[in-house]
Amino acid sequence: MRELTYTAAAREALAAAMAKDPSIFVVGEGIGARGGNFNTTAGLYDLYGPMRLRDTPIAERGFIGLCAGAAMTGARPVVDFMFLDFILDAMGELINQVAKMQYMSDGRLKMPIVLRGSVGVGGSAATHHSGNYYSIFAHIPGFRVVLPSTPYDAKGLFNTALRGDDPVMFLEHKLLLNTKGPVPEDDYAIPFGQASVVREGGRDCRVTVVALAAMLRKTLDACDQLAKDGISVEVIDPRTVAPLDMDTILQSLHKTGRLLIVDETFAPCGIGAEIAAQAVDRALDDLDAPVKRLNGAHTPTPYSPPLEAAVIPNAATIEQAIRDLLAE
Amino acid sequence: MRELTYTAAAREALAAAMAKDPSIFVVGEGIGARGGNFNTTAGLYDLYGPMRLRDTPIAERGFIGLCAGAAMTGARPVVDFMFLDFILDAMGELINQVAKMQYMSDGRLKMPIVLRGSVGVGGSAATHHSGNYYSIFAHIPGFRVVLPSTPYDAKGLFNTALRGDDPVMFLEHKLLLNTKGPVPEDDYAIPFGQASVVREGGRDCRVTVVALAAMLRKTLDACDQLAKDGISVEVIDPRTVAPLDMDTILQSLHKTGRLLIVDETFAPCGIGAEIAAQAVDRALDDLDAPVKRLNGAHTPTPYSPPLEAAVIPNAATIEQAIRDLLAE
Amino acid sequence: MTQTTGKPLTKERLLALYRTMLVIRRTEEQLARAHQAGLIHGACHTYVGEEAVATGVCANLRADDAVFSTHRGHGHALAKGVNPAALMAELFGRATGVSRGRGGSMHLFAPEVGLMGTSGIVGPCILQAAGAGYSFKLLNTDRVGVAFFGDGAANNGAFHEGLNMASIWKLPALFVCENNLYATEVPFSQSAGNPNVAERSAAYGMPGVLVDGNNVVKVYEAAREAVQRARSGGGPTLIECRTYRTRAHSEGMRDAGYRSADEVEAWKARDPLKLLAAQLPADDIAAVESEVKAQVDAAYDFARNSPYPDPATATTHVFSE
Amino acid sequence: MTQTTGKPLTKERLLALYRTMLVIRRTEEQLARAHQAGLIHGACHTYVGEEAVATGVCANLRADDAVFSTHRGHGHALAKGVNPAALMAELFGRATGVSRGRGGSMHLFAPEVGLMGTSGIVGPCILQAAGAGYSFKLLNTDRVGVAFFGDGAANNGAFHEGLNMASIWKLPALFVCENNLYATEVPFSQSAGNPNVAERSAAYGMPGVLVDGNNVVKVYEAAREAVQRARSGGGPTLIECRTYRTRAHSEGMRDAGYRSADEVEAWKARDPLKLLAAQLPADDIAAVESEVKAQVDAAYDFARNSPYPDPATATTHVFSE
Ligand SMILES: Cc1ncc(C[n+]2csc(CCOP(=O)(O)OP(=O)(O)O)c2C)c(N)n1
Ligand SMILES: Cc1ncc(C[n+]2csc(CCOP(=O)(O)OP(=O)(O)O)c2C)c(N)n1
Ligand SMILES: [Mg+2]
Ligand SMILES: [Mg+2]
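Remember, it's a predicted structure, so these values are computed and weren't measured experimentally.

Asker: Can you break down the coordination of the magnesium ion (ligand 3) residue by residue, with the values?
Answerer: All names here are of chain C. Within the protein, D151 (OD), N180 (OD1) and Y182 (O) serve as the donor atoms for the magnesium ion (ligand 3), at 2.0 to 2.1 Å. Mapped onto the sequence, the residues coordinating the magnesium ion (ligand 3) show the spacing D-x28-N-x1-Y. Residue D151 is found in the loop between strand 2 (145–150) and helix 6 (157–168), and its partner Y182 is found in strand 4 (residues 182–183); the two are separated by 31 residues along the sequence.

So, in structure tokens, the structure goes:
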């Protein structure tokens with residue numbers, strides 16, 4: 001099958017949707033003629049011009065509020081943040097307006113707005129360009145929160161995001177943007193709330209690992225190491241954290257009896273805590289060992305490579321965490 | 001002992017601190033001559049004037065950013081939000097500046113800023129005046145997050161907040177503001193990260209309930225009902241959710257074997273998830289039953305009394321949850 | 001500052017304006033009484049004294065134009081076409097309320113008549129009106145987006161970001177600042193480095209106009225010109241209406257210590273209803289008065305007798321499906 | 001707009017200004033080379049072409065005055081007294097860096113010399129400088145807070161809220177807008193309804209002044225007056241410096257397609273160092289040049305040879321204890 005980068009896969013979905021639906025427009029800084037800092041909109045400005053590819057002032061709160069108003073009145077905005085960190089100035093608009101509008105209007109207003117941006121730690125981006133805010137958006141009612149980890153998922157999930165009428169946070173880990181993978185040419189959509197069993201454990205598999213975004217690749221690397229010792233691991237990528245496909249995780253846990261959640265971001269009140277809490281609520285009897293979380297350090301993200309590396313999990317620490325859990 | 005309202009208890013701490021330390025100033029809307037929408041600063045303007053009791057424009061992001069700069073240069077700001085919901089426009093300043101400043105300056109800058117406001121569901125305040133954001137602040141590194149549930153705790157914890165050099169979120173549940181309780185006249189401080197065992201279970205006690213803020217009173221009411229049937233419950237109030245005193249909770253769980261967390265706010269990625277996740281990580285062998293969470297519904301807060309009541313736990317639903325857990 | 005033009009309004013038009021203002025006034029008075037009687041469960045910010053603004057602006061709007069408003073939104077809702085019965089029922093928390101009881105005073109939704117929502121948070125309406133303008137332009141319609149907001153909001157970053165974007169993209173939008181001189185108890189003159197809101201339009205390269213917000217005809221004319229400009233592709237306008245709220249910031253709140261009785265009386269003497277009534281035949285006024293009284297009485301009965309929402313609906317419509 | 005006054009600067013003073021500008025220029029050039037060589041791990045936004053602004057402003061400041069800056073902060077750091085060695089070491093991610101390697105290009109902290117931090121987020125510095133002003137006034141000192149920020153930040157809500165508060169409370173603060181005509185690749189004329197930043201001061205009731213940001217003497221004089229006003233209780237000033245960045249937005253980024261070669265050349269012809277050098281004896285300039293070269297070479301060696309931070313320190317100082 002044809003291979004595309006993660007960014008190109010998502011762009012393909014966006015381009016096709018824009019061709020079909022004239023109510024879709026994109027806003028962001030440098031997403032017009034420049035085509036996006038990460039090439040998220042490359043080529044589209046020439047086709048659709050400034051009304052649909054709109055370079056904004058540096059006014060994140062402002063343009064999200066503007067997009068909320070546009071979404072309430074028939075348009076379908078896509079907000080491109082470049083780095084998702086810049087979204088924070090708009091949290092009031094997001095939490096009090098965007099996320100609540102459908103509920104407060106008793107379903108009479110829709111809020112079809114896709115908010116996308118790069119997240120995550122990597123490349124010495126330092127603390128103002130390394131944020132992961134998905135646990136916060138999963139906490140707040142009203143958002144769909146999507147964390148694709150492959151080009152295939154990026155296209156399929158972006159299609160779903162563009163077709164629904166709900167606010168979607170589409171979060172692209174910066175270390176994944178240029179990764180390549182097979183992407184069908186046809187127009188497919190991956191429903192939200194369907195985890196993917198990325199690596200199936202064997203019969204004797206005694207551990208399930210849930211890994212998110214950039215942690216997936218590192219986890220698979222760790223599994224390759226473990227396989228050399230004959231250790232089988234089942235790996236699950238939730239793909240969306242809201243809705244969260246807990247059933248797939250619990251099915252696996254039922255089989256394996258052990259659960260580790262590998263998540264780059266902060267542990268306290270994170271998505272890993274939610275998964276662990278649901279596991280102990282719904283599957284206590286399946287647990288042969290404590291549910292473990294492997295998270296990034298609870299600290300702002302430092303710049304210098306050795307410091308940056310020290311605050312996030314890597315293949316070696318993941319491998320060790322799996323071994324430790326198996327030893328419990 | 002003398003009884004004070006919750007608000008008066010916190011105000012006593014503020015007044016004493018302002019008398020001692022001229023670098024403390026308060027900002028907010030109507031906290032000057034008006035004395036605060038909730039009387040949080042009543043009487044202080046006459047003593048200290050506008051430089052120390054500063055009525056602000058409606059510019060929450062602006063005045064938090066301003067307070068950050070003031071805290072970096074020798075002053076000790078107290079930000080009074082009236083309703084904490086208004087803080088959301090300032091999330092960028094809080095997460096990227098206030099919370100990170102000490103770390104990024106490698107400890108050379110301090111960030112002594114106290115952010116206070118009323119939180120929680122009650123009184124048909126409706127969705128823009130009912131927020132509970134503590135799980136978010138506990139997720140982000142760099143904040144102390146305080147949730148006093150009694151006048152006694154309000155004074156003791158506010159004193160600690162005013163004396164430290166860290167950013168503190170001091171969150172006052174709106175249903176507690178006018179509740180009264182014993183408050184010593186002397187100057188005491190309650191350290192952060194010390195839970196309080198509010199109701200000790202008997203020897204035969206088989207369940208621990210962690211209850212936060214306004215849920216504490218409702219939980220105690222439920223326990224009174226249960227006591228009539230001879231059911232003993234141990235009740236713990238964490239008092240601060242960051243730092244979180246997990247040891248006290250686990251000690252109790254070790255004794256009782258069952259854990260329920262009662263928290264008005266949203267379940268997903270909430271503080272209840274964190275407590276449950278730590279319990280299953282650190283105390284699996286103590287668990288005689290699944291860890292349960294009783295939360296508010298995952299929905300914006302509606303206005304109408306029957307709708308509002310339907311989205312948060314009450315004494316009856318808490319009682320039922322305890323009975324259900326005991327039956328597991 | 002722009003010049004207003006156009007023919008004088010007919011008597012019928014003036015009476016219609018009077019009628020709308022009176023509906024607002026009487027509804028608010030009824031709500032105030034209901035608040036005292038404990039029928040309103042949450043907050044209640046009345047629009048008494050400011051009726052000319054919503055009335056004069058909305059008289060230029062169509063049902064498919066979009067209005068975004070504030071915590072003080074009853075007047076905007078009524079002027080945009082919301083039924084007083086549905087408004088009252090909302091504040092009483094009933095299923096028949098304009099937001100089905102979900103919102104109360106500060107969260108009014110009636111997209112059917114172009115009331116796209118009021119907000120308990122100061123500021124967002126400015127951005128959303130710009131966004132409606134964006135949408136309407138993108139979709140090639142001649143609809144306009146309108147934001148009403150207080151003087152307090154003019155110091156908020158949303159004002160700066162929203163007006164600037166509306167200007168650079170020439171969006172069909174009106175920004176109507178209801179400068180009632182106070183934000184709760186804080187005087188605008190103390191919280192604004194330049195308390196002339198209309199002048200701030202220069203910072204955004206946008207036309208700005210200052211009007212007497214107690215004179216409904218002046219408001220009407222200024223809005224007419226702005227709406228015409230917006231519909232015809234001429235971009236947004238900032239309209240500052242100087243007006244005054246004659247009741248407390250919100251019902252049940254004290255209303256003393258921050259403004260003088262003389263000031264309040266002086267503004268009451270310039271009551272927008274009185275000012276217009278003086279230009280109209282007493283008979284007509286009396287007829288409107290009794291019509292509106294009947295309507296508001298009926299609305300009150302309707303609201304009071306409406307059922308509360310079913311608690312089972314408390315979690316519906318968080319998402320679109 | 002205000003008038004600048006005061007005596008002409010002495011040759012020594014001018015040479016000192018030249019020296020600072022040259023330190024910035026040569027350090028930036030070295031950083032650009034180091035970026036190409038892979039020594040800089042993250043972003044690197046240079047200040048080349050804009051040296052006169054930081055230099056002219058900071059020459060009026062004391063070490064205990066507080067500067068808050070942006071993603072393009074190397075020049076502010078150096079002008080405020082940060083050692084080029086500590087700056088380079090920071091970008092190289094070393095333990096000897098000004099932020100101990102925690103920050104890189106966009107997070108420079110040197111409170112010892114009053115550099116209170118640069119920020120990767122556009123906007124906050126404006127508010128923090130107002131806050132330093134608040135603090136200095138509250139504590140009865142004559143210190144001042146200074147924000148440097150780009151034209152892009154002038155469209156952000158932080159500008160509106162920060163300038164307004166500084167004005168109403170007469171805070172000792174300077175707001176220095178470095179209008180280099182672009183925010184990344186977006187022309188300010190396209191993103192601002194009114195691209196004259198200094199004029200916006202009227203919206204806040206604050207003095208505003210437009211200066212040639214490539215003329216260090218003009219910048220110096222405007223800042224002198226503003227600093228004097230601030231120290232003596234006269235409140236804040238907005239200074240717009242028109243200038244130009246002659247390198248790409250950030251190192252390694254393309255620098256084409258959004259501005260013309262002619263435009264770049266025209267600004268290069270008005271290079272701030274050239275403009276000042278023309279007024280000074282060639283000997284003196286040459287002496288400064290070789291002095292600065294030695295300093296920057298040494299800084300580079302120091303930085304390159306410095307150790308990386310110990311990973312064990314990666315989580316210290318999140319809190320004060
Ligand atoms: C962001 C935000 N901050 C604070 C409040 C609390 N608050 C409600 S109304 C109000 C005053 C509003 O003043 P203004 O905008 O002038 O409107 P007015 O009430 O005078 O009509 C304030 C501060 C709020 N609702 N939203
Ligand atoms: C809040 C925020 N939004 C977006 C960005 C991304 N960004 C970094 S620099 C920049 C342009 C800044 O332009 P300007 O303020 O004019 O400064 P200049 O780079 O021209 O010096 C942008 C958009 C950011 N850092 N912060
Ligand atoms: Mg007002
Ligand atoms: Mg610029």
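Asker: How would you explain the site of ligand 1 if you had to name every residue and give the values?
Answerer: If you check the shell around ligand 1, you find 19 residues, and the closest are E60 of chain B together with H71, R72, G120 and N180 of chain C. Ligand 1 is flanked by residues contributed from chains B and C. Note that an oxygen atom of ligand 1 is positioned 2.7 Å from one of the side-chain N or O atoms of R72 of chain C. Notes on ligand 1: free accessible area 580 Å², of which the protein chains cover 96%. Its residues assigned to classes, the shell around ligand 1 shows eight nonpolar, seven polar and four charged.

Asker: Please set out the relation of the copies chain B and chain A residue by residue, giving values where relevant.
Answerer: Superposing chain B onto chain A requires a rotation of 180° together with a translation of 0.0 Å along the rotation axis, leaving an RMSD of 0.0 Å. Here the two chains are linked by the operation of a two-fold rotation axis. A shared binding surface is used by both copies, with 100% of the interface residues of chain B retained as interface residues in chain A.

Asker: Mind laying out the state of the cysteines, listing which residues take part and the relevant values?
Answerer: Note on terminology: disulfide describes a covalent bond linking the sulfur atoms of two cysteines. Taken as a whole and assessed by the stated rule, the structure comprises zero disulfides over all chains. Cysteine C223 of chain A shares no disulfide, and the gap to the nearest cysteine sulfur, in C205 of chain A, comes to 8.7 Å. By relative accessible area, which is 1% here, C223 of chain A ends up buried. C269 of chain A supplies the cysteine sulfur nearest to C269 of chain B, a cysteine that is in no disulfide, at a spacing of 8.1 Å. In this structure C269 of chain B comes out as buried when scored by relative accessible area, which is 1%.

Asker: Give a description of the environment of C67 of chain A that names residues and reports values.
Answerer: Residue and element names in this part refer to chain A. Of note, C67 is situated in helix 3 (residues 60–72). Through-space distance from the C-alpha of C67 to that of V262 is 34 Å; in sequence the pair is 195 residues apart. The contacts of C67, once residues within four sequence positions are left out, are F25, V27, P77, V79 and I113.

Asker: Tell me what's going on with the domain arrangement of chain A, and back it up with residues and numbers.
Answerer: Residues and elements named next belong to chain A. If you check the domain split of chain A, you get domain 1 (3–182) and domain 2 (196–327). Here the C-alpha centre of domain 2 lies 27 Å away from the C-alpha centre of domain 1. Taken together, the contact between domain 1 and domain 2 spans 24 residues of the former and 24 residues of the latter. Both sides of the domain 1 and domain 2 interface together cover about 2,000 Å² of buried area, and 58% of this is carbon and sulfur. In this structure, the connection of domain 1 to domain 2 is made through one salt bridge. In this structure, the salt-bridge partner of D153 is R239, at a minimum N-O distance of 3.1 Å. For the pair domain 1 and domain 2, the interface holds 14 residue pairs in polar contact (both at pLDDT 80 or more). In terms of residue class, the side of domain 1 that touches domain 2 is made up of 12 nonpolar, 10 polar and two charged.

Asker: Would you mind going over the interface of chain B and chain A in detail, with residue names and values included?
Answerer: The partner chain A presents 48 residues to the 48 residues of chain B that form the contact. Between chain B and chain A lies a buried interface of about 4,400 Å² when both sides are counted; carbon and sulfur atoms form 64% of it. At the surface where chain B touches chain A, the tally comes to six salt bridges. The partner of K292 of chain B in a salt bridge is D281 of chain A, with the nearest N and O atoms 2.5 Å apart. The interface formed by chain B and chain A holds 16 residue pairs in polar contact (both at pLDDT 80 or more) in total. Element by element, the count of residues in the side of chain B that touches chain A is highest for helix 10 (residues 271–282) of chain B, at eight residues. Looking at the side of chain B that touches chain A residue by residue, the class counts come to 26 nonpolar, 13 polar and nine charged.

Asker: Can you lay out the interface of chain A and chain D for me, pointing to particular residues and giving the numbers?
Answerer: The interface is formed by 28 residues belonging to chain A together with 35 residues belonging to chain D. The contact between chain A and chain D buries some 2,200 Å² in all, and 66% of this surface belongs to carbon and sulfur atoms. In terms of surface lost to chain D, no three residues of chain A exceed R34, I58 and Y303 of chain A, which account for 31% of the buried area on that side. Where chain A meets chain D, there are one salt bridge. Residue E185 of chain D is joined to R34 of chain A by a salt bridge in which the shortest nitrogen-to-oxygen separation is 3.8 Å.

Conventions we followed
- Residues numbered from 1 in each chain as written.
- Chains lettered and ligands numbered in written order.
- Predicted model: local features only at pLDDT ≥ 70, side-chain atom pairs only at ≥ 80, totals over all residues.
- Heavy atoms only, no water.
- Donors = N, O, S within 2.8 Å, 3.2 Å for Na, K, Ca; no water.
- Helix = DSSP H or I, 4+ residues; strand = E, 2+ residues; numbered from the N terminus.
- Near = heavy atom within 4 Å.
- Polar contact = N/O pair within 3.5 Å; in protein donor to acceptor, adjacent residues only side chain to side chain.
- Areas by Shrake-Rupley, 256 points an atom, 1.4 Å probe, with all protein chains shown as cover.
- Nonpolar A, V, L, I, M, F, W, Y, C, P; charged D, E, K, R; others polar.
- Least-squares fit on C-alpha atoms with pLDDT ≥ 70 in both.
- Contact = heavy atoms within 4.5 Å.
- Disulfide = S-S within 2.5 Å.
- Buried < 20%, exposed > 50% of the residue type's maximum accessible area, 1.4 Å probe, protein only.
- Domains from an automatic or database assignment.
- Buried area = accessible area lost by both parts, 1.4 Å probe.
- Salt bridge = Lys/Arg side-chain N within 4 Å of Asp/Glu carboxyl O.

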